[in-house]
Amino acid sequence: MLFSEFLEFIQADKAGPNGHIQASTAEPTAVIGASLSRVDGPLKTTGSARYASDYNFPGMVYAVPVGATIASGKIRSIDTSSAEKMPGVLTILHHSNFDHVYRNASGGRNSEQRPPFEDDTVYYWGQYVALAIAETFAQAQAAAAAVKIAYTPDKFSVATDLSDPMPTIGAPGGPRILSHRGDPETVFASAPVKIDYTYTTPAETHNPMEMHATVAVFDGKKFTLYESSQGVMNHLNVMSQVLGVPKENVEVISRFIGSGFGGKLFPWPHSALAAVAARRLNRPVKLTLSRKMMFANVGHRPRTQQRMRLGATPDGKLLSLSQDYRNHTSINDDIRENCGEATPFLYSTANLQVSSALVRRNVGTPTPMRGPGAVPGLFALESAMDELAIKLQKIPSNSASRSTHSPTKRRTNPFLLDTSKSVSKWAPKSSVGTSALQP
C-alpha cells in the first residue's frame, strides 16, 4: 500500500460533505504533556512480561526448522531415518508428508505467498525444507542437524549489482512509471546544468532483540497462536486461509513484542509450520527462530539502486527531476520499496518522472522496515540535490525549494540560494571528514 493510499484509507470516514477533512474541535486533554505511568513498565522491568516464546503448556514439544544449503534448485532426496531414531524425536516433517496448506487469496497479507513445504523447489539459502519435532529443544536441534538432504542445484543470483537487462518501461516485467509530469527527458537533455548519478543502499535486516517465535496450541477444532506479531488481525485472517479453517477457529495472542521494526507485520512460514505440527501431534508446539535464521527467513529492507538525474539553470532554477530506482525482490514475490513515493511532492519542478523496477534474486522475501521506501529514497534524492548544489556553488534553500502548493506550478523564486556573496565557500568535493561548507 502506498502512503497516499494509506492516508485515503484512514481518512475515509473523516471526510466532510466536500471530501475535505474536518478540523477537530476537541480540546486537548489532561493526557497531553502529563506524566503518566506505563502500565506495562513493572511487567517489563521485573521480567514478568510474557513474550511469544515465554508461553509453556503441559505436553508441549519443540520444533526446529532445517534450512536449505543451496540458493536455487530441487530437493533430490530427504533421509530422516537417523534423525527419527534419536531420543525424544516425534516426527520429521517435509514436503512429502506435510499437511496440505493454502496460499491466502484476499483479506490479509502474507510475507511469502508460497506456503512452507509447497513443493521440492528451493528458491533461497535458508528456506525451510524440513521440521524436526521432539520432546525437548535440545533433542529437536540434534534431530534437525541429523536430517540428510541431497539437492540438485540450479543457477542462482545474489548479485548486488541491479543493472540487469529488462523490458522497456510499461512492458511486463519492465519498469513501472509511478509519477510523471511534463517532459523530463527532453528538458534534462537541454538543461544548462545537469547531474546524472546512481546511488545504492545495501540490504538491511531488522534483527530486533526478540527473535520471531510461535507457540501453537490446537484443541481439535481451534488454533491458538501465541505470536510475536505487529498485526494480530492480519495474522488471524492469513492463517485461517493458510490452514483452511474458519476465522473463528483461529485466535492470535501477542501481548508483548521485543521490537519488530516492520519485520513482524505479516506472518512468516514458521507460524504455519508450528500450527500444522500442533494439529498433527495434537500437542502444543513451540518454534523459536535462531539468531542465524533472523538474517535469512524473516525479511529485510531490499537493496536499492537509484539513478537520479537533475537539470537546472545556472542561477539554480530546477528544470527537471528523474528518479529511476530498482530494488531486489525474491523469486516469487513482488515487493516494491517505493523509494520515489515522496519525490513528486518535495521540490517544485514542471518536469518530473519516477519509475520503479524489480530485480529478482535468490533471496528471502523483503518486507517493510522503518520508513519503508522513504529512507533509501530520500537518501538518493537529497544526495543528488547536494551534488547539484555543489556543482552550482549554491546551498539548497528550504524556504524556496520545498513545495507548499501544487508541484506543477512554476516558482518565481530560484530553488537554490546564491552563496557567491556569502562569507562561506564550498570546500573541494574531495574533502574527507569535514563539512561541505568551510568558513
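Scroll up to find the structure this text is about.
The paragraphs below set out a description of the structure included in this document. Computed from a predicted model, the values in this text were never measured in an experiment.

## Concerning the overall build of the protein chain
Piece 1. Helix and strand counts for the protein chain come out as 10 helices and 19 strands.
Piece 2. Across the 439 residues in the protein chain, those meeting the buried criterion constitute 48%.
Piece 3. Carbon and sulfur atoms make up 56% of the accessible area of the protein chain, which amounts to about 21800 Å² in all.

## Concerning the sheet that holds strand S2 (residues 73-79)
Piece 1. An order of S4-S2-S6 is seen for the three strands of this open sheet, with the pairing classed as antiparallel. For this open sheet the edge positions go to strand S4 (121-122) and strand S6 (148-153), each flanked by a neighbour on one side alone.
Piece 2. Pairing analysis gives two bridges linking S2 to S4, with the strands arranged antiparallel. Looking across to S4, one finds that Lys 74 is bridged to Thr 121.

## What to know about helix H4 (residues 137-146)
For an α-helix, 3.6 residues make a turn, and residues three or four places apart therefore share a direction.
Piece 1. Within H4, the full set of buried residues consists of Ala 140, Ala 143, Ala 144 and Ala 146. Each buried residue of H4 lies within a common arc of 160 degrees when the element is viewed along its axis, so the set occupies one face. Counted as exposed and oriented over 90 degrees from the buried face of H4: Ala 138 and Ala 145.
Piece 2. Against strand S1 (61-67), S2, helix H3 (81-84), strand S3 (89-94), strand S5 (128-134) and S6 lie the buried residues of H4.

## So, the side chain of Asn 297
Piece 1. When you line up the elements, Asn 297 lands in the loop between strand S12 (285-288) and strand S13 (304-312).
Piece 2. Among the residues examined, Asn 297 registers a relative accessible area of 4% and is labelled buried.
Piece 3. From its side chain, Asn 297 meets the backbone oxygen of Gly 126 in a polar contact 2.7 Å long.
Piece 4. Residues in contact with Asn 297, not counting those within four places in the same chain, are Tyr 124, Gly 126, Gln 127, Tyr 128, Trp 268 and Leu 289.

## What to know about the sheet that holds S12
Piece 1. Strand order in this open sheet of seven strands is S3-S5-S1-S12-S9-S10-S11, and the pairing throughout is mixed. In the strand order of this sheet, the two ends are held by S3 and strand S11 (250-253), each with one partner. Geometrically, the sheet is characterised by an average inter-axis angle of 20 degrees between neighbouring strands, direction not taken into account.
Piece 2. Judged from the four bridges that link them, strand S9 (residues 213-218) and S12 form a sheet pairing that is antiparallel. Each bridged residue has a counterpart across the sheet, and for Thr 214 the counterpart in S12 is Leu 287.

## Concerning unusual backbone geometry
With the exception of glycine, the majority of residues adopt a negative phi angle, and the majority of peptide bonds are in the trans configuration.
Piece 1. Of note in the backbone geometry, Phe 117 takes a positive phi value of approximately 60 degrees without being a glycine.
Piece 2. When you line up the elements, Phe 117 lands in the loop between S3 and S4.
Piece 3. By relative accessible area, which is 5% here, Phe 117 ends up buried.
Piece 4. In this structure, Asn 282 takes a positive phi of about 55 degrees despite not being glycine.
Piece 5. Tracing the sequence through the fold places Asn 282 in the loop between helix H7 (269-281) and S12.

## Some details on the packing of aromatic side chains
Piece 1. The final tally for this structure, using the stated rule, is seven aromatic pairs.
Piece 2. Residues Phe 57 and Tyr 226 carry aromatic rings whose centres are separated by 5.2 Å and whose planes lie at 40 degrees to one another, so their mutual orientation is tilted. Remark: Tyr 226 occurs in strand S10 (residues 223-227) and Phe 57 occurs in the loop between helix H2 (41-45) and S1; sequence separation between them is 169 residues.
Piece 3. The exposure class assigned to Phe 57 is partly exposed, which follows from its relative accessible area of 26%.
Piece 4. The exposure class of Tyr 226 is buried, given its relative accessible area of 11%.
Piece 5. With centroids separated by 4.5 Å and ring planes inclined at 40 degrees, the aromatic side chains of Phe 218 and Phe 223 adopt a geometry described as tilted.
Piece 6. For Phe 223, a relative accessible area of 0% gives the class buried.

## Digging into H7
Piece 1. Helix length check: H7, at 13 residues, gives a terminal C-alpha distance of 19 Å against a target of 18 Å (1.5 Å per residue), a fit within 8%.
Piece 2. Taken across its 13 residues, H7 has 10 buried, putting it largely inside the fold.
Piece 3. Pro 269, His 270, Ser 271, Ala 272, Leu 273, Ala 274, Ala 275, Val 276, Ala 277 and Ala 278 are the residues of H7 that are buried.
Piece 4. As for H7, its buried residues are in contact with S3, S5, S9, S10, helix H6 (232-243) and S12.
Piece 5. Of the residues one or two after H7, Asn 282 is the one with positive phi, at around 55 degrees.

## A closer look at the packing of H6 against H7
Pairs of packed helices are described in terms of their axes, by the angle between the two and the distance that separates them.
Piece 1. Interhelical geometry of H6 versus H7 gives an angle of 55 degrees and a closest axis separation of 11 Å. With respect to each other, H6 and H7 are oriented oblique. Crossing of H6 against H7: the hand is right-handed. Of the residues in H7, those in contact with His 235, Met 239, Val 242 and Leu 243 of H6 are Ser 271, Ala 272, Ala 275, Val 276 and Arg 279.

Reading the values: rules and limits
Residues numbered from 1 in each chain as written. Predicted model: local features only at pLDDT ≥ 70, side-chain atom pairs only at ≥ 80, totals over all residues. Heavy atoms only, no water. Helix = DSSP H or I, 4+ residues; strand = E, 2+ residues; numbered from the N terminus. Buried < 20%, exposed > 50% of the residue type's maximum accessible area, 1.4 Å probe, protein only. Areas by Shrake-Rupley, 256 points an atom, 1.4 Å probe, with all protein chains shown as cover. Pairing = 2+ DSSP bridges. Arc of directions from axis to C-beta. Contact = heavy atoms within 4.5 Å. Polar contact = N/O pair within 3.5 Å; in protein donor to acceptor, adjacent residues only side chain to side chain. Axes fitted to C-alpha atoms, helices over the stretch in contact; angles between N-to-C directions. Phe/Tyr/Trp six-rings, centres within 6.5 Å; stacked < 30°, edge-to-face > 60°. Expected span 1.5 Å × (residues − 1). Parallel < 35°, antiparallel > 145°, perpendicular 65-115°, else oblique. Left-handed = near helix turned anticlockwise from the far one by under 90°.

Everything listed here is a matter of geometry and, on its own, says nothing about what the molecule does.
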